[in-house]
Amino acid sequence: MPLSEQEKPLLQVKNLKKYYPIKKGVISRTVGYVKAVDDVSFDIYPGETVGLVGESGCGKSTTGRSLVRLEDPTAGQVIFQGKDLAKISNKEMRKLRTELQIIFQDPYSSLNPRKRIGDLLAEPLIAHKLATRSEADKKVNEILEIVGLSKQYKNRYPHEFSGGQRQRIGIARALMLHPKLIICDEPVSALDVSIQAQVLNLLKDLQKELKLTYVFIAHGLGAVKYISDRICVMYLGRVMEFATTKEIFEHPLHPYTEILLNAYPIPNPHMRDRKQIVVEGDVPSPANPPKGCVFHTRCPFAKDICKEKIPTLTGKGHTVACHFPLESVNV
Amino acid sequence: MLQYIFRRILIAIPVLFGVTILNFFIINLAPGNPVDMMVNPSATPEQLAMQKHALGLDQPVWSQYLHWLVQLFHGNLGFSYSTREPVTQILASHIGPTVLLMGVSLIVGYLIAIPLGIVCARKQNSWIDYLVTGFSFFGISVPHFFLGLGVIYVFASKLLLFPTGSMNTLGGDGSLMDTINHLVLPVAVLATGIAGNMVRYVRSSMLDVLGKDYLRTAKAKGLSQFIITNKHALRNSLIPIITVIGIDIPMLIGGAIVTEQVFQWPGLGLLTIQSITSRDYSTLMAINLLAAVTVLVANLLTDILYAVADPRIRYD
Amino acid sequence: MGELLKVDKIKTQFQTEKGPVTSVDEVSFDLKEGETICLVGESGCGKSVTSLSIMHLLDRNGSVTEGSILFEGKDLAKATEADMRKIRGNNISMIFQEPMTSLNPVLTIGDQLTEGIRLHMKYSKTEARKYAIDMLKKVGIPRAEGIIEEYPHKLSGGMRQRVMIAMALSCRPKLLIADEPTTALDVTIQAQILNLMKKLREESNTAIILITHDLGVVAEMADKVAVMYAGQVVEETDVYTLFDNPKHPYTLGLMKSIPHITNPDDMRLDSIPGSVPSVHNMPKGCRFYDRCPHAMKRCLEEKPLLKPIEDKQSHSIRCFLYEKEEQDYENKKLAEKEVSS
C-alpha cells in the first residue's frame, strides 16, 4: 500500500523505551536494567502492514505489546489516533481496546480451555456492553464464517481444534470488536508449514476486506516479506533500519539487515555455493549492550566511531541507523 | 556465598526473638503454673504465694520474659522448676538419645526410600511400583503410636525378639549391642514414616527428570542405564529430595514425641511431655528455642545444598 | 562409496491405552558413506520417530515392529540393548533440536564431553580432556580450556549446539543423525551451525541424516531427500531433482505454500487445505487424499506404493498419478534384465 505524505498516521511510536530492572539481594536492590526496547520511534499509517523483524532479544515482541499497553513503557509515547496511551485513564483505555487488538503466537494458551468457542468470542462484545446476547451470537456466526470456520464449531472447546484452527479462532476473537489495528505477535511461528500459508492468506484477505492495519511481528523473514508493506529491522532493542519491503530486500542499507537476509537458507540447491557473509559470535545480552552502535561487536564494517557513538536513525522514507550505510561502503 | 550465609544468619536473629516471645506468652496462657504442680495439695495459699514469689512467677509476664532474655544472653537457661537442675544439664542429657534415635531413623529411612523411589520411577506402573507406592501410603497414614504399639505387641511381648522400651537394659552393661537392640523397634516405626514420605518425592522427582531431553542425550552417547540413572538423573532430581531432608532435619530434635513416649525413650520428646505436664516453663522454653534454632539452621543448610546440587543456583 | 545404512520398510508402533498406534509405516531409504539425506515433513510426519527408531531411543512403549535397518550389514531392528550401547555415540551419534535442554544442567561441559570419549575410545582421563578441548576448538568454541569447566547454563543456544556437535562427532561416527539442529536457533546462528556442519562433514566424511521442516535447510545441506507425510515417505530423490522436478502433490503443495524471501513480490501463496490426519484415524488409501487437488476415487480405497520412475537420478513417488511412469520404468528394468541374462 503506497503511503501518501498527507495521510495522518494511525499510530505513532515516539522514543519508546521499556527497561526491566535487574534486582539482586534480599532487599531487591536494582543493579541494572535489561533494555528490552531502547528509543524506538516509527509511524504506522492506516491500512498498511508494518513488519517487525529481528532475532531473539531484539525487543520486537515487547514493542508490540507496548503498542496495546500490555506493557507500560518506561519512557516515550505511543500515540493512537492522537491519544497517548500512557496518559489516558483506564476507562478510556478500555474503550480504545476495542480498536486495538493482539493475536498471540500460541493460540491455545491464550484461549480459556473451559469455555466454549462461542462464549469466548461473544465475551468481549458483552463485556464492552456492545451487544445483547442474541446480537453477539449472530456476530459470532458471522465472524466464524469470515475466518473460515463452520458455525457448528461454536459449541466446541479449544482443545478440540488443531493448531491452525485455533489460530483462526484467535483471529476471530481479535476481529469481534471491529478493531482498526491488530498486532500479530508471531502468529504463524507455532504452526506447521502447510498451515502457515492458510493463516497468512487469511490475514491478507481480511486486511483487504475490513481495511485493517497490522503490525506483524515474526522472526521468519519469508512470512514478513509476504505480508508487510514496510519493515522495521530491530537489533538489541533498537531500530536498525526501516523502509518499504521492496527497499529492505533490494537495497538494504544496514549491514545487519544485509547479514540477516543473507543468513536465510534459500530453497534452491543450485544456489548453495553462493557467497555468504556469516557473522560470527552471539547476540550480546540486552542487560549489557555494547556501547556505541549495538551491532558493532558483530559488524564486519565496524570502525572506531561505531564503538563510541550511537548512530541516529536518518533518511527520508528509508531510514537507517548506521555510521556507514552499505551504499556508501560498496559504491 | 559467604556473604549470603552471613546475611541469612543476621535475618535469623529477629526471627528467633519473635519465636521466643510467642512461645513465652503462649506457655503462660496455658492454665495452671509450675507451683500448682510441685507443691502438695494441702499447701496453704500463703505457702503458694511465697513459692511463686521465690520463682518470680508473681511478676507480670513481660517482665518475666525480659528476665529470661537477660539470663539467656548470659548463657543461662535457668533451672528446671520441677527438678531444680540446670536446664542446660537436662537438655544435654536428653539430646543425645534423641539425636541417636532420629539420626538412625532418618538414615535408615533414606537408605530405603531413595533406591526404592528410583526403581519405582524407572519401572513406572509395574507391580513393584504399585507395591512400593502402597507401602508408602501405609507409612504416611498409619499413626506412630498405633504402629509403635503394634510392633511392641508382636515383636516384644509375643515373639520376645526385642525389648519393649527404654534405651538400655536396666542394670545392664550399657553396651553398644544393647543400645542397638533397643533401637530396632522405634527406628522401624520412625523410618517407616520417613521412608513412606520420601519415596513419593524421589519417585515423582525422578519421573520428572527421566523424561528430560538430556537423558536422551546421555543414552544417545551409549552410556549404560546405571550411569544414566545414577549420574545423570539422580543429581537432577536432588532438589526436591533436599527440600524434604530440610523439613525432616528439625525432627532430629522434636519429631519423635509420640514415639519416644510409646517406647519410653529417654530423649527430648519424652522430656517435652514431662515438662508440659509439670508446667516446667524454663525447660519448655529451652526446648522451643533449640527447636527454632534447628529449623533455621536446617533451612539455611537446605539453601546451601541447593547451590551445591544445582550449579544454576547461585546466591550473591 | 559403500552403502552404510539401508532402512527397509520399517514400521514403528507405540502401545497406548487405546491400542497400538502406528506412527511410521513402510519407511525406506538408504544412505552411502559421507552422504547427507534430509527427512523433510511437518510435525507428526514421523521423521523424528524414524531417527529414534534407528537409535533405539523410542519411549518404552514404542518399538520397530516390521522391517529392517541395516547398518554396515547389521540389522539394528533386531539388535539388543547391549549391542546398541556399543553403537550409540560411537558409530552412530545424534544431536537434537533443543540445545537448551539437551545438555545436563548439573554436569560440566567437560564431564559430558569426556564420558563418551572415555567409554568408546578408552582414553584416560587426561587424554580424554585434552581431546575434548581439541574437539571444542574444532567446532569453533572460543576459550575452550575455560569453557570445558563451565556448566551449560553459561553458554548461549548456539554455543550449546556446538558443544552437542563436538560431543556427537568426538568418537568419529560413521553416521550423524541431526534432528532439527537449527530450528530453535536464530537465523544468523543457524547459518553458523550449518556452515560448521558442512565443514565437519567434508573433513570427516560422516554420513548425515538431517531432519528438518525447512526446505531452505534441505536445499543448503542435502544430497538426497525423503519427503515424509503422515508416517510415510511420499517422494524420494536427490536434492536437485526434488527442487527442479517435484512430483508428488504434497511436495508440490509444500513448495508453493512456503513464503520465502526469494519469492516474487506479488506472488500469492498456495495453501494446502485441511490438516494432517491423526495417527488414530489414518485413511485407508492414500493419506494425502483429503488434501490433494488431484485426488481420484481409487485414492480413497487403494494404498499407493513408493515406486521408482524414470528420471535423471533415482526418483521414487508414492502416488497413483505416476502409475504409468512407474510401470514403464519397471518394464524397462525387466527388459534390461532379460537382455543382460
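For clarity, every value in this text was computed on a predicted model and none was experimentally measured.

Asks: How would you sum up the sheet that holds strand β5 (residues 83-84) of chain A? Please name residues and give values.
Replies: Sheet strands line up and pair through hydrogen bonds in the backbone, either parallel or antiparallel. All names here are of chain A. Strand order in the open sheet formed by four strands is β2-β1-β4-β5, with antiparallel pairing between adjacent strands. Pairing within the sheet leaves two strands with one partner each, and these edge strands are β2 (29-44) and β5. Strand direction decides the pairing type here: strand β1 (residues 11-24) and β2, joined by 12 bridges, are antiparallel. What sits directly across from K24, in β2, is R29.

Asks: Any chance you could break down the sheet that holds strand β11 (residues 319-320) of chain A for me, citing the residues and the numbers?
Replies: Residue and element names in this part refer to chain A. Read across the open sheet, the seven strands follow the order β6-β7-β8-β3-β9-β10-β11; overall the sheet is mixed. Every other strand in the sheet has two partners, leaving β6 (100-103) and β11 as the edge strands with one partner each. Together, β3 (49-53), β7 (181-185), β8 (213-217) and β9 (230-235) form the strand contacts of helix α1 (residues 60-67), whose direction differs from that of β8 by roughly 150°.

Asks: Which residues make up the packing of helix α9 (residues 255-263) of chain A against helix α7 (residues 187-204) of chain C, and what values do they have?
Replies: Packing of α9(A) against α7(C) brings their axes to within 8 Å, and their N-to-C directions diverge by 55°. Here α9(A) lies oblique to α7(C), going by the angle between them. In this structure, α9(A) crosses over α7(C), and the sense of that crossing is left-handed. Counting all contacts with α9(A), which are made through A:I259, A:L260 and A:A263, the residues of α7(C) involved are C:V187, C:T188, C:Q190 and C:A191. For the contact of α9(A) with α7(C), a count of residues per class yields five nonpolar, two polar and no charged.

Asks: Tell me about the interface of chain C and chain B, and please be specific about residues and values.
Replies: The accessible area lost on association of the parts is a frequent measure of interface size. Listed as interface residues are 23 residues of chain C and, on the opposing side, 19 residues of chain B. Counting only elements with at least two residues in the side of chain C that touches chain B, the list comes to α2 (81-87), β6 (92-95) and α3 (109-121) of chain C. Here the residues of the side of chain C that touches chain B sort into nine nonpolar, nine polar and five charged.

Asks: Would you mind going over the pairing of strand β4 (residues 75-80) of chain A in detail, with residue names and values included?
Replies: Residues and elements named next belong to chain A. In terms of strand pairing, β1 meets β4 through five bridges, oriented antiparallel. Considered in β4, the bridge of K14 is made with Q77. Judged from the two bridges that link them, β4 and β5 form a sheet pairing that is antiparallel. Considered in β5, the bridge of I79 is made with D84.

Asks: Give a detailed account of helix α1 (residues 47-55) of chain C, specifying residues and quantitative values.
Replies: Residue pairs spaced three or four apart in an α-helix point in one direction, given the helix's 3.6 residues per turn. Of all the nine residues making up α1(C), nine are buried; the element is thus mostly covered by neighbouring parts of the structure. Looking only at α1(C), the buried set comprises C:K47, C:S48, C:V49, C:T50, C:S51, C:L52, C:S53, C:I54 and C:M55.

Asks: Would you mind going over the packing of helix α9 (residues 213-220) of chain B against helix α10 (residues 225-236) of chain B in detail, with residue names and values included?
Replies: Residue and element names in this part refer to chain B. Two numbers describe how α9 lies on α10: the axes approach to 10 Å, and their chain directions differ by 145°. Seen from above, α9 lies across α10 with right-handed handedness. Facing α9, whose interface residues are Y214, L215, A218 and K219, α10 presents I228, H232 and A233. Among the residues forming the contact of α9 with α10, the class breakdown is five nonpolar, one polar and one charged.

Asks: Before we move on, could you go through the nonpolar core and cite the residues and values that matter?
Replies: Residues A:V215, C:V218 and C:V225 are the most contacted members of the largest nonpolar core, which totals 244 residues. Counting residues per element, this core draws most heavily on helix α8 (residues 176-210) of chain B, which supplies 14 residues. In this view, C:V225 contacts C:I37, C:C38, C:V40, C:V218, C:E236, C:T237, C:V239 and C:L242; residues no more than four positions away in its chain are not counted.

Asks: Would you mind going over unusual backbone geometry in detail, with residue names and values included?
Replies: Non-glycine residue A:K211 carries a positive phi angle of around 55°. Looking at where A:K211 falls in the secondary structure, it is placed in the loop between α6 (193-210) and β8. The backbone of C:A230 shows a phi angle near 45°, a positive value even though the residue is not glycine. Since 23 C-beta atoms lie within 10 Å of it, C:A230 is described here as buried.

Asks: So what's going on with the interface of chain A and chain C? Which residues, and what values?
Replies: In this assembly, 35 residues from chain A lie in contact with 37 residues from chain C. Residue assignment for the side of chain A that touches chain C shows that the elements contributing at least two residues are α6, α7 (221-227), α8 (245-250) and α9 of chain A. Per-element tally for the side of chain A that touches chain C: the top contributor is α6(A), with seven residues. Residues that form the side of chain A that touches chain C fall into these classes: 20 nonpolar, nine polar and six charged.

Asks: Just give me the short version of the environment of A:E99, but keep the residues and values in it.
Replies: All names here are of chain A. Mapping E99 onto the fold places it in the loop between α2 (90-97) and β6. Note on E99: 16 C-beta atoms within 10 Å, which makes it partly exposed. For E99, the contacting residues outside a window of four places in its chain are P179, K180 and L181.

Asks: I'd like to hear about the UniProt feature "domain: ABC transporter" (unreviewed entry) in chain C, residue by residue, with values.
Replies: Residues given the UniProt feature "domain: ABC transporter" (unreviewed entry) here are residues 5-255 of chain C. The straight-line gap between the two end C-alpha atoms of residues 5-255 of chain C is 28 Å; of that span, 39% is helix and 28% is strand.

Asks: Tell me what's going on with the environment of A:T62, and back it up with residues and numbers.
Replies: Residues and elements named next belong to chain A. With respect to the helices and strands, the residue T62 is situated in helix α1. Looking at T62, the number of C-beta atoms within 10 Å reads 24, which means it is buried. Sequence separation between T62 and G237 is 175 residues, and the spatial gap between their C-alpha atoms is 8.9 Å. Discounting chain neighbours no more than four positions away, the residues touching T62 are K18, A36, V37 and E71.

Calculation rules
Residues numbered from 1 in each chain as written. Chains lettered and ligands numbered in written order. Predicted model: local features only at pLDDT ≥ 70, side-chain atom pairs only at ≥ 80, totals over all residues. Pairing = 2+ DSSP bridges. Helix = DSSP H or I, 4+ residues; strand = E, 2+ residues; numbered from the N terminus. Contact = placed C-beta atoms within 7 Å. Axes fitted to C-alpha atoms, helices over the stretch in contact; angles between N-to-C directions. Parallel < 35°, antiparallel > 145°, perpendicular 65-115°, else oblique. Left-handed = near helix turned anticlockwise from the far one by under 90°. Nonpolar A, V, L, I, M, F, W, Y, C, P; charged D, E, K, R; others polar. Buried ≥ 20, exposed ≤ 12 C-beta atoms within 10 Å, placed from the backbone. Core = buried A, V, L, I, M, F, W, Y, C linked by C-beta atoms within 7 Å. UniProt positions renumbered as here; feature names shortened; annotations may be inferred.

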